[in-house]
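Reading the structure
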2 protein chains.
Amino acid sequence: MSEIRQDVTTKEWVIISTERLKRPSDFTNPMAKAERPVYSPTCPFCPGNESMTKPAVLSYSDPKTGSWLVRVVDNLYPAVTPGGGASRKVDHGFFLSASATGNHEVIIENPAHNKPLALMTDDEVATVLRAYWERYDAMADKPDIKSIIIFKNHGLAAGTSLEHPHSQLVATTIVPRHMRIQYEVAISYYDDNGRSLYAALTNRELNSGSRIVLDTKRFVVFHPFASHRPFETWIMPTDCQASFGAASKEDFPHLAHVLRLILLKLYQGLDNPDFNLVIDSAPVGEEHTEIYQWHIRIIPRITQQAGFEIGSGIYINTALPEETAKFMRDFKVKT
Amino acid sequence: MSEIRQDVTTKEWVIISTERLKRPSDFTNPMAKAERPVYSPTCPFCPGNESMTKPAVLSYSDPKTGSWLVRVVDNLYPAVTPGGGASRKVDHGFFLSASATGNHEVIIENPAHNKPLALMTDDEVATVLRAYWERYDAMADKPDIKSIIIFKNHGLAAGTSLEHPHSQLVATTIVPRHMRIQYEVAISYYDDNGRSLYAALTNRELNSGSRIVLDTKRFVVFHPFASHRPFETWIMPTDCQASFGAASKEDFPHLAHVLRLILLKLYQGLDNPDFNLVIDSAPVGEEHTEIYQWHIRIIPRITQQAGFEIGSGIYINTALPEETAKFMRDFKVKT
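Quick look at the structure, then. (Residues numbered from 1 in each chain as written. Chains lettered and ligands numbered in written order. Predicted model: local features only at pLDDT ≥ 70, side-chain atom pairs only at ≥ 80, totals over all residues. Heavy atoms only, no water.)

**Some words on the overall build of chain A**
- For chain A, the helix and strand inventory stands at six helices and 15 strands.
- Here chain A has a C-alpha radius of gyration of 20 Å; the compact-globule value for 335 residues is 20 Å, and the two agree.
- Over its C-alpha atoms, taken along the principal directions, chain A stretches across nearly 55 × 55 × 40 Å.
- A buried classification covers 59% of the 335 residues belonging to chain A.
- Carbon and sulfur atoms make up 51% of the accessible area of chain A, which amounts to about 13100 Å² in all.
- With 35 positive and 39 negative side-chain charges, chain A shows a spacing of 3 Å between the two charge centroids. (Helix = DSSP H or I, 4+ residues; strand = E, 2+ residues; numbered from the N terminus. Rg over C-alpha atoms; globule rule 2.2 N^0.38 Å. Buried < 20%, exposed > 50% of the residue type's maximum accessible area, 1.4 Å probe, protein only. Areas by Shrake-Rupley, 256 points an atom, 1.4 Å probe, with all protein chains shown as cover. Lys, Arg positive; Asp, Glu negative; His and termini not counted. Charge placed at Lys NZ, Arg CZ, Asp CG, Glu CD.)

Here is the structure:
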């Protein structure tokens, strides 16, 4: 019999469908990945092709060679564009709309066309995290920005359009309703219990142990109790920091090691699955509240969302997080 | 500049990204569809292979030949299974879970392996709707069932696993949170305005006209103002009926004609796109409230949900509903 579990952070339900259970090994990517070149002449993100993008808003360079290591540019096809706050809403008498204002940037993670985060060095990943943080900080300083979403789409099934390793940052002048709902749930828990829902969640996961992938004391990696999709992985800081903007830069080398190790386990264990990575963070201005805790979510895109999910909002997860966490915990990376 | 629009039924935001706009003709399916046989010896839903499924819980037969026209069976790999109500929740001290109880049925829409709804006759589609309704009614009579979701996955990108035309019904012993949120929004509108949000929405769409695909007085078909994905299509009854269980069976021949025509326009206009179809309906016991209005949603799966949607809950729609509605309205089906 299947089990239905409640996501403590959103109160959403997830069906863990053991009738449809697949073993972790069934999730490996059956498509052989094409060999990719280190440089592609048509790729706008490759070194030498910088004129194919907008000018860099941030660039880190190798002090010896002078060539860039990470480069951040405005997205050529932005979902949101600068131009003022959300106050300029247009009321159609019934419908509500506004200009989709904000900033949409691309973080080009590495000069190499064919080097995903999983195959970078810890230092290279730390440089990417530093760029995330620096752009987050720059966006949070803008007067109208309310919410900053950093994310990555790896592979076609994850919605990527360019294969050169890159992440994106979208800063919006509204707070997403999704975030408001998470916040309401977190506030309600805080009011009832006098402590953070996310700290309580991390403690519960540590006490149970069955869904823990990695615990470095500073970061706890687990597959959540009500995991929405197979191998959904959360990386949770143990220090209380509501917003990614409040993260300690001193932690980035350590976080980079943790992130790279998890991505490498997925890369080797599931044969380079398509995945999304998102950084969940408190809205701008709520950096130091105890209500929320920024964290990283990695969501492999192994299964399709279908009509039931669209109709009900209830995910059907075909894998038990206890089993996928064990697989990830036990998997030894090959170096 | 892109526009951000609010979905009046959920208060969710959708970015209509004109920077990324695709023209309707760009959405046609580039993959040539393989020719499919009328009968497949390995298909559990083809006539003659009935022993490969569970026994029929409902079957309509041709009075002349005695062979079945529509056949409903329990799903062999159910997401939920019978066994009592949601009261048997297990509290893990912090996490909430329960047995995933309910019913999961498959509606085999036609004996022909290769005849999608779009290519059936109006009578055949009406028979499918009658089966939906009859199974909905049977589920609503069960004491523990709280919510009934009827849906269809057409094509791989929509999450289908079997190509023989079929729909599914999942009856659950909980009300999805998604439904609760829609309900809260609808109640709030009703309290403020003394009339149904959905009736107001349909009137607004009729008055505007720009997003209307078809208006038969009895059913209004439109692309919603804050459409989540390209070519998202709603079929809205004009009579106030909160639940699909309260739908008039007398309307089914007419609804079948409307549904088939819309699906045929998609089939011919976008070259048989993958899509999901869901029937949104009030929870069981709320059949006759004026708060809600059952309706059909058709969601072509042309674009991928990516990291931004997962991180923010905000959809980026690359098409303007005014343009896609015009395309659908003007498209003349070939018979």
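Right, picking up where we left off after that structure.
**Comments concerning the sheet that holds strand E4 (residues 68–74) of chain B**
Residues and elements named next belong to chain B.
- Strands sit in the order E3-E4-E7-E9-E8-E13-E14-E12-E11-E10 across an open sheet of 10 strands; the sheet is antiparallel. Of all the strands in the sheet, the pair left with one neighbour each is strand E3 (56–61) and strand E10 (212–215). Across the sheet, the axes of successive neighbouring strands diverge by a mean angle of 15°, strand direction being ignored.
- Bridge analysis of strand E7 (residues 102–108) against strand E9 (residues 166–172) gives seven bridges, and the strand direction is antiparallel. If you follow glycine 102 over to E9, its bridge partner there is threonine 172.
- Its contacts with the sheet place helix H1 (residues 122–140) against E3, E4, E7, strand E8 (147–154), E9 and strand E13 (275–280), and it is angled at close to 150° to E3.
- Packing of helix H6 (residues 321–330) onto the sheet brings it into contact with E10 and strand E12 (233–237), and relative to E10 it is tilted by some 40°. (Pairing = 2+ DSSP bridges. Axes fitted to C-alpha atoms, helices over the stretch in contact; angles between N-to-C directions. Contact = heavy atoms within 4.5 Å.)

**Points about the sheet that holds strand E11 (residues 219–222) of chain A**
Residues and elements named next belong to chain A.
- The 10 strands are arranged E3-E4-E7-E9-E8-E13-E14-E12-E11-E10 in an open sheet whose pairing can be described as antiparallel. The sheet is open, and its two edges are formed by strand E3 (56–61) and strand E10 (212–215), each paired on a single side. Adjacent strand axes in the sheet meet at a mean angle of 15° when their direction is disregarded.
- In the sheet, strand E8 (residues 147–154) pairs with strand E13 (residues 275–280) via five bridges, with the strands oriented antiparallel. Residue pairing across strands places isoleucine 150 opposite isoleucine 279, the latter belonging to E13.
- Most of the contacts of helix H1 (residues 122–140) go to E3, to which it runs at about 150°, and overall it touches E3, strand E4 (68–74), strand E7 (102–108), E8, strand E9 (166–172) and E13.

**So, the pattern of salt bridges**
All names here are of chain B.
- Within this structure, the stated rule accounts for 26 salt bridges over all chains.
- Where lysine 217 meets aspartate 215, a salt bridge forms, and the shortest distance between an N and an O atom there is 3.4 Å.
- Since its relative accessible area comes to 64%, lysine 217 is described here as exposed.
- For aspartate 215, a relative accessible area of 30% puts it in the partly exposed group. (Salt bridge = Lys/Arg side-chain N within 4 Å of Asp/Glu carboxyl O.)

**What to know about the pairing of E4 of chain B**
All names here are of chain B.
- Within E4, five of the seven residues are buried, which leaves it mostly tucked inside the rest of the structure.
- In the sheet, E3 pairs with E4 via five bridges, with the strands oriented antiparallel. When the sheet's bridge partners are listed, tyrosine 60 is paired in E4 with valine 70.
- In textbook terms, the turn of a hairpin is the stretch between consecutive antiparallel strands, and for E3 and E4 this stretch comprises six residues, one of which, glycine 66, has a positive phi near 80°.
- Where E4 and E7 come together, four bridges link them in antiparallel fashion. Bridge pairing links aspartate 74 to glutamate 105 in E7.

**Quick look at the side chain of arginine 260 of chain B**
- Relative to the helices and strands, arginine 260 of chain B is located in helix H4 (residues 252–269).
- Classification of arginine 260 of chain B by relative accessible area gives buried; the value is 14%.

**Describing unusual backbone geometry**
- Even without glycine at this site, asparagine 272 of chain A takes up a positive phi of about 55°.
- For asparagine 272 of chain A, the location among the structural elements is in the loop between helix H4 (252–269) and E13.
- On the accessibility criterion, asparagine 272 of chain A (9% relative accessible area) is buried.
- Phi at aspartate 271 of chain B is positive, roughly 60°, even though this residue is not glycine.

**Re the interface of chain A and chain B**
- Between chain A and chain B, the residue contacts involve 77 residues of the former and 77 residues of the latter.
- Taking both partners together, chain A and chain B bury about 6100 Å²; carbon and sulfur atoms supply 65% of that area.
- Of all residues in chain A, Phe94, Phe95 and Arg177 of chain A give up the largest surface area on contact with chain B, accounting jointly for 12% of the area buried on that side.
- Seen at the junction of chain A and chain B, the total is zero salt bridges.
- Scanning the region where chain A abuts chain B turns up 12 residue pairs in polar contact (both at pLDDT 80 or more).
- The class makeup of the residues in the side of chain A that touches chain B is 38 nonpolar, 24 polar and 15 charged.
- Taken together, the three bridges between strand E6 (residues 96–99) of chain A and strand E1 (residues 3–6) of chain B define a ladder with antiparallel strand orientation. Bridge pairing in E1 of chain B places serine 97 of chain A opposite arginine 5 of chain B. (Buried area = accessible area lost by both parts, 1.4 Å probe. Polar contact = N/O pair within 3.5 Å; in protein donor to acceptor, adjacent residues only side chain to side chain. Nonpolar A, V, L, I, M, F, W, Y, C, P; charged D, E, K, R; others polar.)

Fair warning: the whole summary comes from geometry, so function is off the table for now.
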